[in-house]
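# Report on the structure
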Amino acid sequence: VSTVSVSGATARAAGPLKLAVPGGALFEGALEALDRAGLDTSGLRSDSRSMIFDGSGVTLVTMRPSDVPTYVEAGAADLGITGKDVLLEQSDRVVYELLDLGFGECTMVLAGRKGDERLGEDERRLGAMRIATKYPRVAERHFEQTGRQAEVIEVKGSVELAPLVGLADGIVDLVASGRTLAENDLEVREEIARCTARLVANRVSHKLRPREVDELTARLREATSR
Amino acid sequence: MIHPIPPGTRDILPEEMRELRELERRLADTFSRFGYGEVGTPTIEYDEVLERGNGRTAGSAYRFFDERGDLLALRSDMTVPIARMVAGRFGGEEPPFRLFYVARAYRPVRPQRGQMREFTQAGVELIGTPAPEGTADVIEVLEAALDEAGLDRALIGLGDADLYRQALAELGIEGEARDSMLKRLAAHDLVGLQEELELIEGIADEQRQTLVALSQLRGSREVLEEARAIGGEAVERATSRLAGTFDELERRAAADRVQIDLGLLRDLGYYTGAILEIYDPAVGHVLGGGGRYDGLLARFGRDLPAVGFSFYLERVHVAQAEEERAGKGERGEAQ
């Protein structure tokens, strides 16, 4: 049964489509994709403190990747680019996932200390492993689906620290090159999901502005499939 | 000291209440004008009864025992209780039955999302008139209600509830795999859908792309042709049903605000054939929805075709406020 939100019914103005562009690790890849799709990203590339730019026919709005589903679900942005890791963690947000943009490839993994048996041992002897993560819902779902019990501990900062000082037996985190893991004496034990950048859309924008949404989607598909 | 109320519920103070009542009155007047009579049903029902109507999808989130140990539940919509009532109480009477309601319903919420546990639905049920006439009848009522609420930019999405169930069956996809794909289609998780389709053997690339492409077809009558060009028998059946409804709407000059949408899926288990959703450009959320539920009354012992829709009243109120603001803005900027 679908749920009903009232305060979430955010006001939208007409005008050009608004596209949420993620800052951080996906920023460069997003700019490249937008350039190739023929949008003007010079504003985003300037050192302006502004967060809203005209991208030749599309308004570009910059924000944290984890805020993109929030803005898009409410319709404050019509479309957005964010990582699959964010979408997995916020899987209750109602946004349409239209396209795998291919860049920003990372893997969500379960990692433990090299040569350390604590993950398995705690599971056998204590009935659950202790897992530190910035993705509590992804971690909980993974252990649930694989029939194991885990005590999931949410941390905000460098999650690699947790097993080193004994907060947790292992971590669930997003890994690009694996260098941070290696430097902290950690190794990948299980791969949970492959994550790339995705194009998401607001449900009502997708219905009410079909031509514009489809056109921009097609341009981005073309730009990222090369 | 502030004494809290449960998340997803709220108090309504006089200014908001006055506006909500005014909106309710306008909607109720419109429904009455089309010959619909207002009904009420109990907020609590036997869980078994609601379950019977909702089928495999979750019924009520709020269940409790009464003093005799019977399991009761808070209703999650009005369609199931009205189906129960009509099947049981209108025995000697000849259909069609035209009924409307303005009533509270209850659904589960996720924390910190501004979701409503208790909300008001205003809607109609037309029981005993088959497609396409019945469907067109309620769409006309819906359009009049939107006008009365001042939402003249609002749009009605018209889709078909059986399309993907049948299209997937045609590809030999059944059971859990089908349910999972229907869920992805409903959420428009096109990347995930593609990935799942790739896991299934014996499906041509072309068929995979057809399913994904179908879900993106929305617009006027031409999308029916586009769908026919790529689809199989299930698509043929769904598009001819949709064409029937759209023809009927055009005959009544009521098709202008209706957008055919082959990507529309609703998550309530009882829908068959035509389904509806209501959007307004001023807000990012769906204002309401509905559709045909030709099999629901039979579950309660009287086999009658039926169709209805309902508004989320509080959301319509937000949209009204935003439309007023947008209207003022436009005049202010003197475009």
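Report on the accompanying structure.

Calculation notes
- Residues numbered from 1 in each chain as written.
- Chains lettered and ligands numbered in written order.
- Predicted model: local features only at pLDDT ≥ 70, side-chain atom pairs only at ≥ 80, totals over all residues.
- Heavy atoms only, no water.
- Helix = DSSP H or I, 4+ residues; strand = E, 2+ residues; numbered from the N terminus.
- Buried < 20%, exposed > 50% of the residue type's maximum accessible area, 1.4 Å probe, protein only.
- Pairing = 2+ DSSP bridges.
- Axes fitted to C-alpha atoms, helices over the stretch in contact; angles between N-to-C directions.
- Expected span 1.5 Å × (residues − 1).

This part covers unusual backbone geometry. Going from P95(B) to P96(B), the amide bond is cis rather than trans, its omega being 5°. Mapped onto the elements of the fold, P96(B) is located in the loop between α3 (79–89) and β5 (97–106). The backbone phi angle of S56(A) is positive, close to 55°, even though this residue is not glycine. Residue position: S56(A) is located in the loop between β3 (52–54) and β4 (58–63). Non-glycine residue A253(B) carries a positive phi angle of around 55°. Within the secondary structure, A253(B) is located in the loop between α10 (233–251) and β10 (258–261).

Now for the pairing of strand β7 (residues 118–127) of chain B. Residue and element names in this part refer to chain B. Most of β7 is tucked away, with nine of its 10 residues classed as buried. As defined by bridge partners, β5 adjoins β7 across 10 bridges and the pair is classed as antiparallel. The residue of β7 that forms the bridge with A103 is Q121. Here seven bridges tie β7 to strand β13 (residues 306–312), and the two strands are oriented antiparallel to one another. Paired with G123 across the strands is S310, a residue of β13.

This next bit is on the sheet that holds strand β3 (residues 63–65) of chain B. Residue and element names in this part refer to chain B. Taking strand neighbours across the sheet as the criterion, the three strands line up as β2-β4-β3 in an open arrangement whose pairing is antiparallel. At either end of the open sheet lies a strand with only one pairing partner, and these are β2 (44–46) and β3. Pairs of neighbouring strands in the sheet enclose a mean axial angle of 40°, with direction left out of account. Where β3 meets strand β4 (residues 71–74), three bridges bridge the pair, whose relative direction is antiparallel. Across the sheet, the residue bridging to F64 is L72, located in β4.

Turning our attention to helix α10 (residues 210–225) of chain A. For α10(A), spanning 16 residues, the distance from its first C-alpha to its last is 22 Å, which sits close to the expected 22 Å at 1.5 Å a residue. When α10(A) is considered as a whole, its buried residues turn out to be P210(A), V213(A), L216(A), T217(A), L220(A) and A223(A).

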